[in-house]
Amino acid sequence: MSWFRREEKPLSSVAHKHVRTEGLWHKCEGCRNIIWKKDLDENQQVCPKCDRHFRLDARSRLRLLFDDGAYQERDAELVSTDPLQFVDHKPYRERLAQAQESTGLKDALISAHGRLEGRPVIVCAMEYGFIGGSMGAVVGEKITRAVEAACATRQPLVIISASGGARMMEGAVSLMQMSKIAAALARLDDAGVPFISVLTDPTTGGVTASFAMLGDLNIAEPGALIGFAGPRVIEQTIRQKLPANFQRSEFLLEHGMLDAIVPRKEMRAYLHRAFTFMQPQPVTAVAGVAAPAASSAARL
């Protein structure tokens with residue numbers, strides 16, 4: 001006989017209440033405070049305590065900019081053809097399929113048109129969750145078509161960058177997008193149509209070296225990492241310690257590489273004021289313009 005006797009119900013018969021807390025809280029890397037996800041969502045993914053700007057997906061950015069969050073997507077059918085049949089740890093086609101499934105996008109950019117404070121505009125937003133927001137042939141083609149449509153309709157253009165740079169799985173094809181987009185933007189500039197570049201965290205590599213720094217205005221969100229090579233690569237190359245805020249938007253503004261730092265909550269109003277100044281007589285049409293018959297896809 002056992003030397004003890006259980007007087008209460010066995011533990012197995014006691015009901016346990018499970019409360020799901022995973023994903024309901026976020027830790028801010030700026031102030032180290034724990035934030036309720038609902039408060040973060042209501043504050044446009046900005047920490048209510050220290051104003052640190054969390055990364056935002058492309059769809060959310062478009063909803064925040066366009067009137068009533070309504071917009072019409074452009075060139076959504078474009079997909080990569082894997083021109084190099086690239087394979088590293090896994091085939092590039094497999095990486096594309098996984099990214100498409102996780103984001104619901106065909107590639108790392110959404111091109112759309114709609115109204116911003118009543119003004120017709122064209123906006124391209126990069127999706128960092130799609131292979132690091134890398135720029136391949138599809139991203140380059142969609143931006144080029146958006147620039148050509150802005151030129152044809154005289155609608156102002158906004159490009160929101162969030163990217164690790166050119167997509168290495170497409171090799172020289174991805175690098176060619178830099179000059180292709182730059183040439184299209186030169187034509188837009190000749191036509192006198194406004195283009196504002198919005199740099200968010202992070203904007204690096206070939207994106208920084210091309211269209212991200214070619215705006216009539218180059219503006220950034222607070223604390224965004226912006227540069228070509230990363231700070232660790234630079235430190236290893238020059239064998240010197242870099243300033244604590246090196247390549248952050250505040251550092252770049254101080255050194256003349258940016259025109260302004262605009263908090264996320266003020267972005268809509270800032271863009272509206274800027275376009276009103278640059279284009280006092282806005283166009284009235286909203287309908288998109290199809291890509292030219294000789295599509296720039298043939299030019300890679």
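Quantities reported herein were computed from a predicted structural model and do not represent experimental measurements.

Visitor: Just to check I follow, could you spell out the pairing of strand 8 (residues 217-220) for this structure?
Guide: Look at any regular strand and the pattern is simple: side chains alternate between the two faces of the sheet. Residues of strand 8 alternate between two faces, with Leu 217 and Ile 219 on one and Asn 218 and Ala 220 on the opposite face, all of them buried. For strand 7 (residues 195-203) and strand 8, the ladder comprises 4 bridges, and the chain directions are parallel. Bridge assignment links Val 198 to a residue of strand 8, and that residue is Ile 219. Bridge analysis of strand 8 against strand 9 (residues 260-261) gives 2 bridges, and the strand direction is parallel. From the neighbouring strand, Ile 219 faces strand 9, where its bridge partner is Ala 260.

Visitor: Even after reading the chapter, I still don't get the packing of aromatic side chains, so can you show me in this structure?
Guide: Ring pairs (aromatic) are described by centroid distance and by the angle formed between their planes. Under the defined criterion, the tally for this structure stands at 3 aromatic pairs. Centre to centre, the rings of Phe 246 and Phe 251 are 5.3 Å apart; their planes meet at 65°, and the pair counts as edge-to-face.

Visitor: Is there a simple way to think about empty space enclosed by the protein in this case?
Guide: Empty pockets left among the atoms are what a rolling probe the size of a water molecule brings to light. Applying the stated criterion to the full structure yields 1 cavity of 30 Å³ or more. By volume, the largest cavity is sized at about 30 Å³. For the largest cavity, the full set of lining residues is His 53, Phe 54, Arg 55, Arg 61, Thr 200, Asp 201, Glu 221, Pro 222, Ala 224 and Arg 264. Looking at the lining of the largest cavity, its residues break down into 3 nonpolar, 2 polar and 5 charged.

Visitor: Is there a simple way to think about the nonpolar core in this case?
Guide: Soluble, globular proteins show a tendency: their nonpolar side chains are buried together. Residues Ile 143, Leu 157, Leu 185, Leu 188 and Phe 211 are the most contacted members of the largest nonpolar core, which totals 35 residues. Among the elements that take part in this core, helix 4 (residues 137-153) stands out by supplying 6 residues, more than any other. Every residue in contact with Phe 211, bar those within four places of it in the chain, is listed here: Met 126, Met 135, Ile 143, Ile 159, Ser 161, Ile 181, Leu 185, Phe 195 and Ser 197. Within the second largest apolar cluster, 24 residues are counted, among which are Phe 66, Leu 105, Ile 196 and Met 267.

Visitor: Which parts of the structure should I look at to understand the pattern of salt bridges?
Guide: Pairing between side chains of opposite charge can happen when the charged atoms of each approach one another. Applying the stated criterion across every chain, the model contains 17 salt bridges. Asp 107 is the partner of Arg 167 in a salt bridge, and the nearest nitrogen-oxygen pair spans 2.9 Å. Linking Arg 167 in the loop between strand 6 (157-163) and helix 5 (171-191) with Asp 107 in the loop between helix 3 (92-103) and strand 4 (109-116), this pair joins segments that are 60 residues apart in sequence. By relative accessible area, Arg 167 is classed as buried at 1%.

Visitor: Help me out: how do you make sense of the packing of helix 4 against helix 5 in this one?
Guide: When two helices pack together, their arrangement is given by the angle between the helix axes and by the axis-to-axis distance. Orientation of helix 4 relative to helix 5, taken along the N-to-C sense of each, is 5°, at an axis distance of 9 Å. In terms of their interaxial angle, helix 4 and helix 5 are classed as roughly parallel. Facing Ala 137, Gly 140, Glu 141, Ile 143, Thr 144, Val 147, Glu 148, Ala 150 and Cys 151 of helix 4, the residues of helix 5 in contact are Val 173, Gln 177, Lys 180, Ile 181, Ala 184, Leu 185, Arg 187, Leu 188 and Ala 191.

Thresholds, definitions, all that
- Residues numbered from 1 in each chain as written.
- Predicted model: local features only at pLDDT ≥ 70, side-chain atom pairs only at ≥ 80, totals over all residues.
- Heavy atoms only, no water.
- Buried < 20%, exposed > 50% of the residue type's maximum accessible area, 1.4 Å probe, protein only.
- Helix = DSSP H or I, 4+ residues; strand = E, 2+ residues; numbered from the N terminus.
- Pairing = 2+ DSSP bridges.
- Phe/Tyr/Trp six-rings, centres within 6.5 Å; stacked < 30°, edge-to-face > 60°.
- 1 Å grid on protein atoms, 1.4 Å probe; cavity = no way out; pocket = protein on both sides within 12 Å on 5 of 7 lines; lining within 4 Å.
- Points joined across faces, edges and corners; volume = space filled by probe spheres on them.
- Nonpolar A, V, L, I, M, F, W, Y, C, P; charged D, E, K, R; others polar.
- Core = buried A, V, L, I, M, F, W, Y, C linked by side-chain atoms within 4.5 Å.
- Contact = heavy atoms within 4.5 Å.
- Salt bridge = Lys/Arg side-chain N within 4 Å of Asp/Glu carboxyl O.
- Axes fitted to C-alpha atoms, helices over the stretch in contact; angles between N-to-C directions.
- Parallel < 35°, antiparallel > 145°, perpendicular 65-115°, else oblique.

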